[in-house]
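What the coordinates show
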Amino acid sequence: MKRVGFDWIARGLTRHPEIMTLSGGSLCPADFPAMVGVIRHPDAGVLLFDTGYDPAFLTATRPWPERLYRIATPVDFAGGEDWSAWLAANGVSAADITGVILSHFHGDHVAGLHQMPDAPIHCARAGLENLRQGSRLRRVTQGLLGALAPPDTESRARFFEDAPAVPLPGAFAPFSEGRDILGDGSLLAVELPGHCKGHWGLAFRDQKDRYVLLAADAVWSGKAIAQCRPPPRITTALLGDTGVYRQTLLALHQAQARNADLAILPSHCAVSAVAYRQDDVA
Ligand SMILES: [Zn+2]
């Protein structure tokens, strides 16, 4: 597997009780950062994995019923609202970005799409189709804000489902197959179903030879993976499919148990992000 450079950086956060994401969790509000992956490919430039929050999220959630979304998950930009400044602070120039990879279409993962008007969008067809269907109320209760996907998203989309299927290295077992996004085996999209329609993660090997699986929202925390502890049914049933979600969680738990060196990074887990970064500088 060709190695890629990788940074895992927050762009905004939300605050809500842990129990929404973990059965038996705390009722106290906890911070959930929206992580963005900055992937530096040796030949293909910089690709982002998701976009995190963006001021466009606030614009999209001003009217009703979309306002329900920001009430349920209030946003704190923590100084990261300006796109160019955020990129520059992380050593990226907008001109370097050659693509964006979307785990799924929830607002906290796609709000910054409009900042990259020319970039190819690697995503799931099933997720994009679901974004365009149903009433505004149905969509917002499922975390979807149609306005955040630019009108030309369909023409810029390169669907995971159409990419060649390739075997994953044994380090990712029991996950066995990925979709080769760039055709060189460096970035493999891995379906992680259950959180919502068209939900995928990303497998690759980083600059320190570590195998990394970006788990997006298949799980909210490293603690949930270690303990194989799902969110309450009310959360998973509202957004996706509880039975399928729990199968994916079990597979993540097994992958972590079998491969202690595999870095599994959920999109909203600050603890996993810090641990990954500390290993990076060690
Ligand atoms: Zn999310």
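Described in the following lines is the structure provided in the data block. (Residues numbered from 1 in each chain as written. Predicted model: local features only at pLDDT ≥ 70, side-chain atom pairs only at ≥ 80, totals over all residues. Heavy atoms only, no water.)

1. Quick look at the overall build of the protein
Convention followed: Runs of H or I in DSSP of at least four residues are treated as helices and runs of E of at least two as strands, each being numbered from the N terminus. A 1.4 Å probe rolled over the protein chains alone gives each residue an accessible area, and that area as a share of the maximum for its type sets the label: buried under 20%, exposed over 50%, partly exposed in between. Throughout, a residue-residue contact means that at least one pair of heavy atoms, one from each residue, lies within 4.5 Å. To measure how exposed things are, a 1.4 Å probe is used in the Shrake-Rupley method; for residues, cover is taken only from the protein chains shown.
Secondary structure summary: the protein contains eleven helices and 13 strands in total. For the protein, the spread of C-alpha atoms along the principal axes amounts to about 45 × 45 × 35 Å. Across the 282 residues of the protein, 52% fall into the buried class. Intrachain contacts of the protein at a sequence separation of at least 6 include 65% that bridge at least 24 residues. When the accessible surface of the protein is totalled, it reaches about 11500 Å², and 56% of it is carbon and sulfur.

2. Re the pattern of salt bridges
Here is the rule we go by: Whenever Lys or Arg places a side-chain nitrogen within 4 Å of a carboxyl oxygen from Asp or Glu, that contact is recorded as a salt bridge.
This structure, assessed with the given rule, holds 14 salt bridges. Notably, a salt bridge pairs R3 with D209, separated by 3.6 Å at the nearest N-O pair. Note that R3 is positioned in the segment before β1 (5-17) and D209 in the loop between β11 (200-205) and β12 (211-216), a separation of 206 residues in sequence. Relative accessible area serves as the criterion here: at 38%, D209 is assigned to the partly exposed category.

3. Topic: a nonpolar patch on the surface
What counts here: Note that patches include only residues with greater than 30% relative accessible area and no salt bridge, and the join distances are 9 Å for like charges and 5 Å for nonpolar side chains (Val, Leu, Ile, Met, Phe, Trp, Tyr).
On the surface, a cluster of nonpolar side chains totalling about 430 Å² of accessible area is made up of W64, L68, I71 and L137. In this structure L137 comes out as partly exposed when scored by relative accessible area, which is 47%.

4. So, the coordination of the zinc ion
As a reminder, the rule being used: Here a donor is any nitrogen, oxygen or sulfur atom (N, O, S) within 2.8 Å of the metal, with 3.2 Å used for Na, K and Ca; water is not among the atoms considered, so some sites may look incomplete. Any site counts as irregular unless it has four donors with all angles between 85 and 135 degrees, making it tetrahedral, or four or six donors with opposite ones more than 155 degrees apart and the rest between 65 and 115, making it square planar or octahedral.
On the protein side, the zinc ion has D108 (OD), H109 (NE2), D217 (OD) and H268 (NE2) as donor atoms, found 2.1 to 2.3 Å from it. If you look at the zinc ion, its four donor atoms make angles of 85 to 164 degrees with each other, and the shape they trace is irregular. Positions of the donor residues of the zinc ion, expressed as sequence spacing, correspond to D-H-x107-D-x50-H. Highlighted residues: D108 in helix α4 (residues 107-110) and H268 in the loop between β13 (263-266) and α11 (270-281), separated in sequence by 160 residues. Residue classification places H268 among the buried residues on the basis of a relative accessible area of 7%.

5. Let's talk about the sheet that holds β1
Where we set the bar: Note: two strands are recorded as paired if DSSP finds a minimum of 2 bridges between them.
Pairing is mixed across the open sheet formed by seven strands, whose spatial order is β4-β1-β2-β3-β5-β6-β7. Of all strands in the sheet, those bounded by a partner on one side alone are β4 (75-76) and β7 (157-159). Examined bridge by bridge, β1 and strand β2 (residues 29-41) share eleven bridges and lie antiparallel to one another. Its bridge partner lying in β2, G5 is registered against R40.

6. Observations regarding the pairing of β12
Within β12, five of the six residues are buried, leaving the element largely enclosed by the surrounding structure. The hairpin turn running from β11 into β12, its antiparallel successor, is five residues long, and D209 in that turn takes a positive phi close to 70 degrees. For β12 and β13, the ladder comprises four bridges, and the chain directions are parallel. Within β13, the residue paired with L214 across the bridge is L265.

7. Some remarks on the sheet that holds β13
The condition that has to hold: Here an axis means a line fitted to C-alpha atoms, over the contact stretch when the element is a helix, while the angle between two N-to-C directions is reported on a 0 to 180 degree scale.
Spatial ordering of the open sheet is given by β8-β9-β10-β11-β12-β13, a layout of six strands whose pairing is mixed. In this open sheet, the two edge strands, each paired with only one partner strand, are β8 (165-167) and β13. Along the sheet, successive strands turn relative to each other by an average axial angle of 35 degrees, direction set aside. Sheet topology places β11 next to β12; four bridges connect them, and they run antiparallel. Across the sheet, the residue bridging to F204 is V212, located in β12.

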